[in-house]
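# Geometric and topological summary
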Amino acid sequence: MVQIKQSIYLEFLSKFGVASAHPGGMDLTKEILLAENINRTSSILDVGCGTGQTTAYLADYYGANVTGMDINPIMVEKARNRIMLEKLSAEIIQGSIEQAPFENEEFDFIFSESVLAFVNATNALNEIYRLLKNGGRFIANELTLNQPFPDKEMEEIKQFYGFDSFYTEEDWVLLLEKNGFKNIQIYKPQYSLLQNNAVPEFHYSENIDPQLFMVMMEHFNIMYKYEGIMDYRIFTCTKE
Ligand SMILES: C[S@@+](CC[C@H](N)C(=O)[O-])C[C@H]1O[C@@H](n2cnc3c(N)ncnc32)[C@H](O)[C@@H]1O
């Protein structure tokens, strides 16, 4: 039985079916993917796939062998629906990246877009390392902290989003190294968290709790308040 740690923000994302719920949206996803050597024979895991927009793109544009996994059953249903409606071939499963239901060394590439902050990052990175083939690539779009917050504000933000951790760029690199990853590279996209926010797709559930309508506004309030402090990076690395 998969245990879901839910926050009001994650509930909002799933009930509103917010697609590409990561900094930079699909434009940045496409740019990052182009730098990788993906082809039809690549086996790829999209961790925390949400409504499955990246999973679908990987299946459609690259014809790759893609699996999307998310812990949230509403996200899983919306991602499956997308794959079906777009008549694509990709598997969508419910599972947690802290204890993933796959054999060792199944994947050439693992992507995670705005997921690791929500989970126990050490457990997740251990699993990602286990699931990658030797020479496989891990690519993550992750939130970073540019300077320490006062404890009280940090707690408020962690609670609102449901973050397990909120690390600096250096913390992420140390954690990746500790979990055995090599060739770690960091890319700082040209746009800040608040720039380049194309209006996302929404895939609404029925019967949305009225309090969830305030969540998007609160999210942008936090983004404005902590502009320059909350940030994000693209981390790429290899299992050797
Ligand atoms: C900010 S959303 C990003 C979704 C998607 N990657 C995207 O860019 O649209 C974070 C996602 O991580 C999922 N998630 C949270 N904890 C997870 C876990 N332990 N294993 C797998 N997915 C998880 C959430 O359900 C949510 O769909």
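As annotated in an unreviewed UniProt entry, the protein chain is Ubiquinone/menaquinone biosynthesis C-methylase UbiE from Lederbergia wuyishanensis.

### Brief notes about the pairing of strand 4 (residues 107–113)
Burial of strand 4 is extensive: six of the seven residues sit out of reach of the surface. Pairing of strand 1 (residues 43–47) with strand 4 involves four bridges; the strand directions are parallel. In the sheet register, Leu 45 faces strand 4, and the bridge partner there is Ile 110. Sheet analysis places strand 4 next to strand 5 (residues 132–145), joined by six bridges and oriented parallel. Bridge pairing in strand 5 places Glu 113 opposite Asn 141. In this region the chain leaves strand 4, passes through helix 5 (residues 121–131) and returns to the parallel neighbour strand 5; the handedness of that crossover is right-handed.

### Description of the packing of helix 1 (residues 8–16) against helix 4 (residues 73–85)
As a packed pair, helix 1 and helix 4 sit with axes 9 Å apart at the nearest point and diverge in direction by 30°. One way to sum up the angle between helix 1 and helix 4 is to call them roughly parallel. As helix 1 packs across helix 4, the resulting crossing turns out to be left-handed. For the pair helix 1 and helix 4, the contacting residues are Leu 13, Ser 14, Lys 15 and Phe 16 in the first and Ile 74, Met 75 and Lys 78 in the second.

### Section: the packing of aromatic side chains
One pass over the full model with this rule turns up 22 aromatic pairs. Between Tyr 57 and Tyr 62, the aromatic rings sit 6.2 Å apart at their centres with planes inclined by 85°, giving edge-to-face as the arrangement. Tyr 62 shares its class with Tyr 57; the two are buried. Measuring from centroid to centroid gives 5.6 Å for Phe 202 and Tyr 204, while their planes differ by 10°, and the two rings are stacked. Classification of Phe 202 by relative accessible area gives partly exposed; the value is 24%. Positioned over the ring face of Tyr 129 is Lys 239, at 4.8 Å from the centre of the ring.

### Some thoughts on helix 8 (residues 215–225)
Listing the buried residues of helix 8 in full gives Val 215, His 219, Ile 222 and Met 223. All buried residues of helix 8 project into a common sector of 100° when viewed along the axis, lining one side. Exposed and facing more than 90 degrees away from the buried side of helix 8 are Tyr 224 and Lys 225. Looking at the packing, one finds that the buried side of helix 8 touches helix 1, helix 6 (151–161) and strand 7 (230–238).

Thresholds applied
Residues numbered from 1 in each chain as written. Predicted model: local features only at pLDDT ≥ 70, side-chain atom pairs only at ≥ 80, totals over all residues. Heavy atoms only, no water. Buried < 20%, exposed > 50% of the residue type's maximum accessible area, 1.4 Å probe, protein only. Helix = DSSP H or I, 4+ residues; strand = E, 2+ residues; numbered from the N terminus. Pairing = 2+ DSSP bridges. Right-handed = clockwise from strand over helix to strand, strands pointing away. Axes fitted to C-alpha atoms, helices over the stretch in contact; angles between N-to-C directions. Parallel < 35°, antiparallel > 145°, perpendicular 65-115°, else oblique. Left-handed = near helix turned anticlockwise from the far one by under 90°. Contact = heavy atoms within 4.5 Å. Phe/Tyr/Trp six-rings, centres within 6.5 Å; stacked < 30°, edge-to-face > 60°. Lys NZ or Arg CZ within 6 Å of the ring centre and 35° of its normal. Arc of directions from axis to C-beta.

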